[in-house]
Amino acid sequence: MNIDAEHQSNVTILTPAVRRLDASVAGAFKTAISEQIGDAPRALIIDFSKVDFIDSSGLGTLVSLLKMMNGKGEMTLCALNPGIRNMFTLTRMDRIFRICSDRATALAQQP
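Quick caveat, the model's predicted, so the values are computed rather than measured.

Draft legend 1. Region of the structure containing the overall build of the protein. In terms of helices and strands, the protein carries four helices and seven strands. By the compact-globule yardstick of 13 Å for 111 residues, the protein fits well, its C-alpha radius of gyration being 13 Å. By its C-alpha atoms, the protein is 30 × 25 × 25 Å across when sized along the principal axes. Here the protein holds 111 residues, and 41% of them are scored as buried.

Draft legend 2. Broad picture of unusual backbone geometry. Even without being a glycine, Ala79 presents a positive backbone phi close to 60°. Located in the positive-phi region is Arg92, a residue other than glycine, with phi close to 65°. Residue placement: Arg92 occurs in the loop between helix H3 (82–90) and strand S7 (98–100). Residue classification places Arg92 among the exposed residues on the basis of a relative accessible area of 53%.

Draft legend 3. Quick look at the state of the cysteines. This structure, assessed with the given rule, holds zero disulfides. Its sulfur unpaired, Cys78 is 7.0 Å from the next cysteine sulfur, which belongs to Cys100.

Draft legend 4. Region of interest: the packing of helix H1 (residues 23–38) against helix H2 (residues 56–69). One way to put it is that H1 packs onto H2 with a least axis distance of 9 Å and a crossing angle of 15°. Overall, the two elements H1 and H2 adopt an arrangement that is roughly parallel. In this structure, H1 crosses over H2, and the sense of that crossing is right-handed. Contacts between H1 and H2 involve Ala23, Ala26, Phe29, Lys30, Ile33, Ser34 and Ile37 from the former and Ser57, Thr61, Leu62, Ser64, Leu65, Met68 and Met69 from the latter. Taken together, the residues of the contact of H1 with H2 break down into nine nonpolar, four polar and one charged.

Draft legend 5. Quick look at the side chain of Asp22. Take Asp22: it is sitting in the loop between strand S3 (20–21) and H1. Residue class for Asp22 comes out buried when judged on its relative accessible area of 11%. A polar side-chain atom of Asp22 sits 3.2 Å from a polar atom in the side chain of Arg20. Those residues in contact with Asp22 that lie beyond four places of it in its chain are Phe53, Asp55 and Ser57.

Draft legend 6. Molecular detail of the sheet that holds S7. Pairing is mixed across the open sheet formed by five strands, whose spatial order is S1-S2-S4-S6-S7. Sheet topology places strand S1 (3–8) and S7 at the edges, where each strand pairs with a single neighbour. Within the sheet, the average angular offset between the axes of one strand and its neighbour, ignoring direction, is 25°. Where strand S4 (residues 43–47) and strand S6 (residues 74–78) come together, five bridges link them in parallel fashion. When the bridges of S6 are listed, Asp47 appears paired with Cys78. Running at roughly 150° to S6, H2 makes contact with S4 and S6 of the sheet.

Basis of the calculations
Residues numbered from 1 in each chain as written. Predicted model: local features only at pLDDT ≥ 70, side-chain atom pairs only at ≥ 80, totals over all residues. Heavy atoms only, no water. Helix = DSSP H or I, 4+ residues; strand = E, 2+ residues; numbered from the N terminus. Rg over C-alpha atoms; globule rule 2.2 N^0.38 Å. Buried < 20%, exposed > 50% of the residue type's maximum accessible area, 1.4 Å probe, protein only. Disulfide = S-S within 2.5 Å. Axes fitted to C-alpha atoms, helices over the stretch in contact; angles between N-to-C directions. Parallel < 35°, antiparallel > 145°, perpendicular 65-115°, else oblique. Left-handed = near helix turned anticlockwise from the far one by under 90°. Contact = heavy atoms within 4.5 Å. Nonpolar A, V, L, I, M, F, W, Y, C, P; charged D, E, K, R; others polar. Polar contact = N/O pair within 3.5 Å; in protein donor to acceptor, adjacent residues only side chain to side chain. Pairing = 2+ DSSP bridges.

Following this line, the structure appears as structure tokens:
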């Protein structure tokens, strides 16, 4: 899976280069992000600006990754399109994840 990675001081910004985060790519997505978590970033931002769709498999993968971050830093999601944002709201996952409207806002909220 192709994920663009950018490092700024103690923040790693990952941008998945896929249109759909669904069951067909969830495993590869989890592996790619897990490798970044393994490098112990203090803060991880996942930029969804290139993602148009996420299904329950993708959402489950994000929950799993959030659990991996426990004690290693904070995970923030940003640039969710209205459909993806609505899914987070309907499933109440917007209460679990820190979600920002864009990358600049996500960076500004990092310690």
